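# Examining the three-dimensional arrangement
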Amino acid sequence: MMEEDPHAPVAVQAEALFLLNLLVLPGLSFAVLLWLAYRHRRSPSPLARCHLKQAVIASLWAGALLTAVAALILVLGGLHKPATWVVLILYFTCCHAALVLFGIVGLSRAMAEKTYVYPLIGSRQW
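What comes next is a walk through the structure. (Residues numbered from 1 in each chain as written. Predicted model: local features only at pLDDT ≥ 70, side-chain atom pairs only at ≥ 80, totals over all residues. Heavy atoms only, no water.)

### Things to note about the overall build of the protein chain
Scanning the protein chain for helices and strands turns up four helices and zero strands. Scanning the protein chain from its N terminus toward the C terminus, one meets helices and strands in the order α-α-α-α. Seen through its C-alpha atoms, the protein chain measures out along the principal axes to roughly 60 × 25 × 25 Å. When burial is assessed residue by residue, the protein chain has 37% of its 126 residues classed as buried. Within the protein chain, contacts between residues at least 6 apart in sequence are counted, and of these 65% link residues at least 24 apart. When the accessible surface of the protein chain is summed, it comes to about 7700 Å², and 73% of that surface belongs to carbon and sulfur atoms. In the protein chain, which carries 9 positive and 5 negative side-chain charges, the distance between the mean positions of the two groups comes to 16 Å. (Helix = DSSP H or I, 4+ residues; strand = E, 2+ residues; numbered from the N terminus. Buried < 20%, exposed > 50% of the residue type's maximum accessible area, 1.4 Å probe, protein only. Contact = heavy atoms within 4.5 Å. Areas by Shrake-Rupley, 256 points an atom, 1.4 Å probe, with all protein chains shown as cover. Lys, Arg positive; Asp, Glu negative; His and termini not counted. Charge placed at Lys NZ, Arg CZ, Asp CG, Glu CD.)

Right, here's the structure in full:
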């Protein structure tokens, strides 16, 4: 039987805050995630450090992908063209859904006390 990591709840909290930032309380959840990451930045647990760093980096990427790219689509396509809105809605829906799925996998890995690196947007070192 494996020994439990006493810092596993921090990893679960980090991933839960990432999902809360995407789904329920954007901004506020990110601020709490940053506070949690700062508080545990020198944690002796590789599990906690991994999930905290992944969640913070993924949140930054999510913010950039969902705001900057959406704004670029609007600027390039024009506000009054229906095709712009179709592209914007499709982009936002697909990108947001992918980020939520990444977060769910991250949360399940944290609950299983295993490290996780987000595909494409994750950091390979913690």
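Further notes follow.
### Remarks on the packing of aromatic side chains
Going through the model one piece at a time under the given rule, you end up with three aromatic pairs. Where Phe102 meets Tyr118, the ring centres are 6.5 Å apart and the plane angle is 70°; that geometry is what we call edge-to-face. Residue Phe102 is located in helix H4 (residues 82–111), and its partner Tyr118 is located in the segment after H4; the two are separated by 16 residues in the primary sequence. Taking relative accessible area as the criterion, Tyr118 reaches 1% and is therefore assigned buried. The lysine or arginine in question, Arg41, covers the ring of Tyr38, its NZ or CZ lying 3.9 Å from the ring centre. (Phe/Tyr/Trp six-rings, centres within 6.5 Å; stacked < 30°, edge-to-face > 60°. Lys NZ or Arg CZ within 6 Å of the ring centre and 35° of its normal.)

### Some points on the packing of helix H1 (residues 8–23) against H4
Across the interface, H1 lies against H4 with an axial gap of 8 Å and an inter-helix angle of 165°. Compared by their axis directions, H1 and H4 come out roughly antiparallel. The chirality of how H1 crosses H4 is left-handed. Within the contact between the two elements, H1 uses Ala11, Val12, Glu15, Ala16, Phe18, Leu19, Leu22 and Leu23 and H4 uses His96, Leu99, Val100, Gly103, Ile104, Gly106, Leu107, Ala110 and Met111. Counted by class, the contact of H1 with H4 contains 13 nonpolar, three polar and one charged residues. (Axes fitted to C-alpha atoms, helices over the stretch in contact; angles between N-to-C directions. Parallel < 35°, antiparallel > 145°, perpendicular 65-115°, else oblique. Left-handed = near helix turned anticlockwise from the far one by under 90°. Nonpolar A, V, L, I, M, F, W, Y, C, P; charged D, E, K, R; others polar.)

### Structural notes on H1
Between the first and last C-alpha of H1 there are 23 Å, a value that for 16 residues agrees with the 22 Å anticipated at 1.5 Å per step. For H1, the set of buried residues is Ala8, Val10, Ala11, Ala14, Glu15, Leu17, Phe18, Leu19, Asn21 and Leu22. (Expected span 1.5 Å × (residues − 1).)

### Some points on the side chain of Asn21
By secondary structure assignment, the location of Asn21 is in helix H1. Here Asn21 falls in the buried class, since its relative accessible area comes to 13%. The residues touching Asn21, leaving out its near neighbours within four places in the chain, are Pro26, Gly27, Ser29, Phe30 and Ser59.

### Some thoughts on the nonpolar core
Phe18, Leu22, Leu33, Leu52, Leu99 and Tyr118 are the most contacted members of the largest nonpolar core, which has 23 residues in total. Residue assignment for this core shows that the elements contributing at least two residues are H1, helix H2 (28–39), helix H3 (46–77) and H4. Considering each element in turn, this core owes the most residues, seven residues, to H3. (Core = buried A, V, L, I, M, F, W, Y, C linked by side-chain atoms within 4.5 Å.)

Limitation: the analysis is restricted to geometry and does not speak to function.
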